[in-house]
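Below are the chains, spelled out letter by letter.
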Amino acid sequence: MSSPLEQLSAGALGWLGGNLDFFDPFSANVRSAPLGRAKAALELALLCHCADRLAEPPQALGEAGALVRGLWQDPDLPRLFAEVPKYTSGYGLIYAALAPDAIDDAQVRRALAGLDPAFLSPRGKSPYQRVEIRHYADKAGVRHTIEPYAELLPHSPLVAFRAAEPGDATSGDGAPLTLPQAYAVTHTAFYLGDFGRTAPGLGGEALAHARDLVDRLLRHSVEHDLWDLAAELVLTQFILGSEPLDTPSGTAAVECLVRAQRPDGAIPGRSAASGVNPSASGGEFFRTAYHTTLVTALMALIVASPRPS
């Protein structure tokens with residue numbers, strides 16, 4: 001009998017592999033705006049990038065990897081970023097950082113040359129934004145002026161955010177943090193820990209605080225069936241040095257995701273409350289389900305794999 005993590009990853013990877021056409025921003029089936037089309041391609045590239053670093057990369061991502069390699073050599077993909085000026089530099093940097101090995105990198109080099117130098121400086125950016133930019137700039141080999149992680153850590157969401165006390169209505173529904181704050185916590189951990197590849201640099205009281213905050217967020221996510229956030233928080237637990245299935249909150253979150261997973265392997269949205277229109281077309285359902293399904297696959301693959309030595 002497969003473990004819960006194996007069940008989650010196998011089902012999610014199967015559904016993602018069966019819907020690759022919707023990840024191709026130039027497919028006739030994709031009708032979303034340029035930002036959404038580019039975002040789906042970048043997220044698929046992140047999954048492939050992280051999976052390729054595992055001791056045993058899943059064969060189920062073979063066709064996905066081939067799609068990403070093709071897209072990363074297509075001059076039309078970076079042009080999608082340019083259609084949304086607010087995201088041009090951010091998406092261009094992520095695109096360069098996630099470039100597959102052994103491809104013609106002419107388009108990647110062109111995207112890097114077009115980055116706004118101001119985007120690569122700390123001025124006017126929150127500690128969270130600076131952590132994110134540093135992560136992708138370092139991965140892409142791009143020069144920047146963002147402070148070292150050690151200087152950013154004390155001000156980052158993992159350390160600086162404090163959970164709401166009982167009766168505090170600022171976050172609503174008794175949530176320890178607002179949803180944007182909760183996602184800032186998980187993404188900060190992803191960048192500091194390179195999605196499970198390295199230690200995030202926390203110790204002592206800071207690490208204890210981060211683990212407690214994540215545990216509170218996980219329990220709230222399970223209680224309210226916040227599937228997408230639950231998957232991200234389980235991965236965050238792993239990055240912070242815990243074994244999620246050895247913790248009550250991590251175990252409950254994995255069980256919550258198993259219950260949410262459809263027979264076809266999809267997680268049908270970010271939460272139970274988000275709902276899915278029974279008459280939704282294939283494209284509409286993809287846009288609702290792909291992100292959480294992909295995040296669940298990413299989490300399950302990483303957490304079930306041995307930690308890098």
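Everything discussed here concerns the structure shown above.
Conventions we followed
Residues numbered from 1 in each chain as written. Predicted model: local features only at pLDDT ≥ 70, side-chain atom pairs only at ≥ 80, totals over all residues. Heavy atoms only, no water. Helix = DSSP H or I, 4+ residues; strand = E, 2+ residues; numbered from the N terminus. Buried < 20%, exposed > 50% of the residue type's maximum accessible area, 1.4 Å probe, protein only. Phe/Tyr/Trp six-rings, centres within 6.5 Å; stacked < 30°, edge-to-face > 60°. Polar contact = N/O pair within 3.5 Å; in protein donor to acceptor, adjacent residues only side chain to side chain. Contact = heavy atoms within 4.5 Å. Core = buried A, V, L, I, M, F, W, Y, C linked by side-chain atoms within 4.5 Å. Expected span 1.5 Å × (residues − 1). Arc of directions from axis to C-beta. Axes fitted to C-alpha atoms, helices over the stretch in contact; angles between N-to-C directions. Parallel < 35°, antiparallel > 145°, perpendicular 65-115°, else oblique. Left-handed = near helix turned anticlockwise from the far one by under 90°. Nonpolar A, V, L, I, M, F, W, Y, C, P; charged D, E, K, R; others polar. Salt bridge = Lys/Arg side-chain N within 4 Å of Asp/Glu carboxyl O.

**Q** How would you explain the environment of Ala111 if you had to name every residue and give the values?
**A** Following the sequence through the fold, Ala111 ends up in helix α7 (residues 106-113). Ala111 sits in the buried class, given a relative accessible area of 14%. In sequence terms Ala111 and Glu56 are 55 residues apart; their C-alpha atoms lie 31 Å from each other.

**Q** Please provide a residue-by-residue account of the packing of aromatic side chains, values included.
**A** Here the structure, examined in full by the defined rule, presents 14 aromatic pairs. Ring centres 6.0 Å apart and planes at 20° place the aromatic pair Trp15 and Phe286 in the stacked group. With Trp15 in helix α1 (residues 4-17) and Phe286 in helix α15 (residues 282-304), this pair connects stretches of sequence that are 271 residues apart. For Trp15, a relative accessible area of 6% corresponds to the buried category. The class of Phe286 is buried, set by a relative accessible area of 4%.

**Q** Break down the side chain of Thr186 for me, with residues and values.
**A** Within the secondary structure layout, Thr186 lies in helix α11 (residues 179-192). Owing to a relative accessible area of 0%, Thr186 belongs among the buried residues under this scheme. Of the polar contacts made by the side chain of Thr186, one reaches the side chain of Glu232; its length is 2.6 Å. Setting aside chain neighbours within four positions, we find Thr186 in contact with Leu229, Glu232, Leu233 and Thr236.

**Q** Residue-level account of unusual backbone geometry, with values.
**A** Even without being a glycine, Ala102 presents a positive backbone phi close to 60°. Mapping Ala102 onto the fold places it in the loop between α6 (88-97) and α7. Ala102 sits in the exposed class, given a relative accessible area of 83%. The backbone phi angle of Asp225 is positive, close to 50°, even though this residue is not glycine. Of note, Asp225 is situated in the loop between α12 (204-223) and α13 (227-239).

**Q** Can you tell me about the nonpolar core, naming the residues and giving the values?
**A** Among the nonpolar cores identified, the biggest contains 104 residues, and Phe23, Trp72, Leu93, Phe195 and Met299 are the most heavily contacted of them. Counting residues per element, this core draws most heavily on α15, at 13 residues. Once residues within four sequence positions are removed from consideration, Trp72 is found in contact with Ala41, Leu42, Ala45, Leu77, Tyr95, Leu98, Ala99, Pro100, Ile103, Gln107 and Val108.

**Q** How would you summarise helix α14 (residues 248-260) if you had to cite specific residues and measurements?
**A** Compared with an ideal rise of 1.5 Å per residue, which puts 13 residues at 18 Å, α14 spans 18 Å between its outermost C-alpha atoms and is within 8% of the ideal. All of the buried residues in α14 are Ser249, Gly250, Ala253, Val254, Cys256, Leu257 and Ala260. Buried residues of α14 fall within an arc of 155° about the axis and therefore sit on the same side. Facing away from the buried side of α14 by over 90 degrees, the exposed positions are Pro248 and Arg259.

**Q** Outline the packing of helix α3 (residues 34-52) against α6, supporting the account with residue identities and numerical values.
**A** Where α3 contacts α6, the axes come no closer than 11 Å and their chain directions differ by 25°. One way to sum up the angle between α3 and α6 is to call them roughly parallel. Here the hand of the crossing between α3 and α6 comes out left-handed. Packed against α3, whose contacting residues are Leu35, Ala38, Lys39 and Leu42, the element α6 presents Tyr91, Ile94 and Tyr95 at the interface. Its residues assigned to classes, the contact of α3 with α6 comprises 6 nonpolar, no polar and 1 charged.

**Q** Can you explain the environment of Leu153? Please cite residues and give values.
**A** Tracing the sequence through the fold places Leu153 in the loop between α9 (149-152) and α10 (157-160). On the basis of relative accessible area, Leu153 is assigned to the buried category, the value being 10%. Spatially, the C-alpha atoms of Leu153 and Tyr136 are 17 Å apart, while their sequence positions differ by 17 residues. Not counting chain neighbours up to four residues away, the residues in contact with Leu153 comprise Val159, Leu192, Pro200, Gly201 and Leu202.

**Q** Which residues make up the pattern of salt bridges, and what values go with them?
**A** On inspection of all chains with the given rule, the structure shows 12 salt bridges. Asp138 is the salt-bridge partner of Arg134, the closest N and O atoms lying 3.3 Å from each other. With Arg134 and Asp138 both in helix α8 (residues 127-140) and 4 residues apart, this pair spans about one turn of that helix. Look at Arg134 and you get buried, because its relative accessible area is 18%. Between Asp228 and Arg270 there is a salt bridge whose closest N-O contact spans 3.0 Å. Within this pair, whereas Asp228 is found in helix α13, its partner Arg270 is found in the loop between α14 and α15, the two being separated by 42 residues in sequence.

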